[in-house]
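The residues making up each chain are set out below.
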Amino acid sequence: MSEARKTPQSHFTGPVVIDPLTRIEGHLRIEVEVKDGRVSEARSVGTLYRGLETILVGRDPRDVQHFTQRTCGVCTYTHALASTRALEDAIKVEIPKNATYIRNLVLGMQYLHDHIVHFYHLHALDFVDVTSALQADPVKAAKICSSVSPRPASADGFKAVQAKLKAFVESGQLGPFTNAYFLGGHPAYYLDPEANLIATAHYLEALRLQVKAARAMAVFGAKNPHTQFLVAGGVTCYESLTPERIAEFEGLYKEVNEFVNQVYIPDLLLVGGAYKDWTKIGGTANFMT
């Protein structure tokens, strides 16, 4: 382990509170008790009350899906689908095979969309030092990228990302990279500059790809987030079963799936491989799944 990765011995004792904990769906308050530099107890408190169960009292069961999917702005459709399936189970209705296929296609795109957003836009910045990317060697970054992914990478592409990032930093309008993300050189970051440049470049690219995943969901779901095509007994989008709309969905699916296989998974292994010591931190026997 390099000197930068070593955590200094601490004998701190006392409470640590993080409130709010952001970049999740619904803010949390985290309370940690530390004794002699080690966590002795930890608690999480949900501070954002949405009250969906209360809102649903007295509602028509056919309308429930439109409320439950507001639980989340990312994994919206899953809640609508679960509500609709619950209603179908209650009234004992079987849906047509085509309805199942369409529902599953939209669910598959939701799956791809969620993984892209979760890795890059919700937690990558805990592990990727964006400012370090400015010190990277674009040629070396391209070689590393090509060694872990079947997709060709060019030094010119990474140079363009560095130029964009430099202008972004100098503008002072840091947007999603404000405050805690700009801790250049902090020892909690393990990646070298080239890996940081790769991950930052793909973070920006993933912003476009997640939009395409959402568009694919809207081909059959009418909109995203919060689809509008479900109904107890099937779906309401059979007019979308034209060669043109199916080809549109298929094209978007192939593009997103290619990004997942050639960019997301290699990045996951690249970043995760640098933080193997994190697998030894914490632990619990209380996972529901």
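Shown above is the structure to which this text applies.
Residues numbered from 1 in each chain as written. Predicted model: local features only at pLDDT ≥ 70, side-chain atom pairs only at ≥ 80, totals over all residues. Heavy atoms only, no water.

What should I look at first to understand the environment of Asp-19 in this one?
If you trace the backbone, Asp-19 turns up in strand β1 (residues 14-21). Here Asp-19 falls in the partly exposed class, since its relative accessible area comes to 42%. It is 4.5 Å that separates the C-alpha atoms of Asp-19 and Arg-29, two residues lying ten residues apart in sequence. With residues near it in sequence (within four places) discarded, Asp-19 still touches Leu-28 and Arg-29. Here Arg-29 takes part through its side chain, which lies 3.0 Å from a polar atom of the side chain of Asp-19. (Helix = DSSP H or I, 4+ residues; strand = E, 2+ residues; numbered from the N terminus. Buried < 20%, exposed > 50% of the residue type's maximum accessible area, 1.4 Å probe, protein only. Contact = heavy atoms within 4.5 Å. Polar contact = N/O pair within 3.5 Å; in protein donor to acceptor, adjacent residues only side chain to side chain.)

What should I look at first to understand the side chain of Thr-200 in this one?
With respect to the element layout, Thr-200 can be found in helix α7 (residues 193-221). If sequence neighbours within four positions are ignored, Thr-200 has contacts with Val-128, Val-130, Ala-133 and Leu-165.

Would you take a moment to explain the pattern of salt bridges for this structure?
If the charged atoms of two oppositely charged side chains come close together, the side chains can form a pair. Evaluated as defined, the whole model comprises twelve salt bridges. Note that Arg-103 and Glu-88 form a salt bridge whose closest N and O atoms lie 2.7 Å from each other. Taken together, the residues span a long stretch of sequence, with Arg-103 in helix α4 (residues 97-123) and Glu-88 in helix α3 (residues 76-91) at a distance of 15 residues. Of the two residues examined, Arg-103 and Glu-88, each falls in the buried class. Glu-170 is paired through a salt bridge with Lys-166; the nearest N and O atoms lie 2.6 Å apart. Pair noted here: Glu-170 and Lys-166 are both in helix α6 (residues 155-171), with a separation of four residues, about one helical turn. Residue class for Glu-170 comes out exposed when judged on its relative accessible area of 57%. The exposure class assigned to Lys-166 is partly exposed, which follows from its relative accessible area of 43%. (Salt bridge = Lys/Arg side-chain N within 4 Å of Asp/Glu carboxyl O.)

Is there a simple way to think about the packing of helix α5 (residues 138-148) against α6 in this case?
In the contact formed by α5 and α6, the axes pass within 8 Å of each other and the chain directions differ by 120 degrees. Looking at the two axes, α5 sits oblique to α6. Here the hand of the crossing between α5 and α6 comes out right-handed. Contact with α5, carried on its side by Pro-138, Val-139, Ala-141, Ala-142 and Cys-145, involves Ala-155, Phe-158, Lys-159 and Gln-162 of α6 and no other residues of that element. When its residues are assigned to classes, the contact of α5 with α6 shows seven nonpolar, one polar and one charged. (Axes fitted to C-alpha atoms, helices over the stretch in contact; angles between N-to-C directions. Parallel < 35°, antiparallel > 145°, perpendicular 65-115°, else oblique. Left-handed = near helix turned anticlockwise from the far one by under 90°. Nonpolar A, V, L, I, M, F, W, Y, C, P; charged D, E, K, R; others polar.)

What is the right way to read the sheet that holds strand β2 (residues 28-35) from this model?
Where strands meet in a sheet, backbone hydrogen bonds hold them as pairs that are either parallel or antiparallel. Taken together, the three strands give an open sheet; going across it, the order is β1-β2-β3, and neighbouring strands pair in antiparallel fashion. Two strands lie at the open edges of the sheet, namely β1 and β3 (38-46), each paired on one side alone. Geometrically, the sheet is characterised by an average inter-axis angle of 15 degrees between neighbouring strands, direction not taken into account. Two elements, β1 and β2, share six bridges in a ladder whose sense is antiparallel. Looking across to β2, one finds that Val-17 is bridged to Glu-31. (Pairing = 2+ DSSP bridges.)

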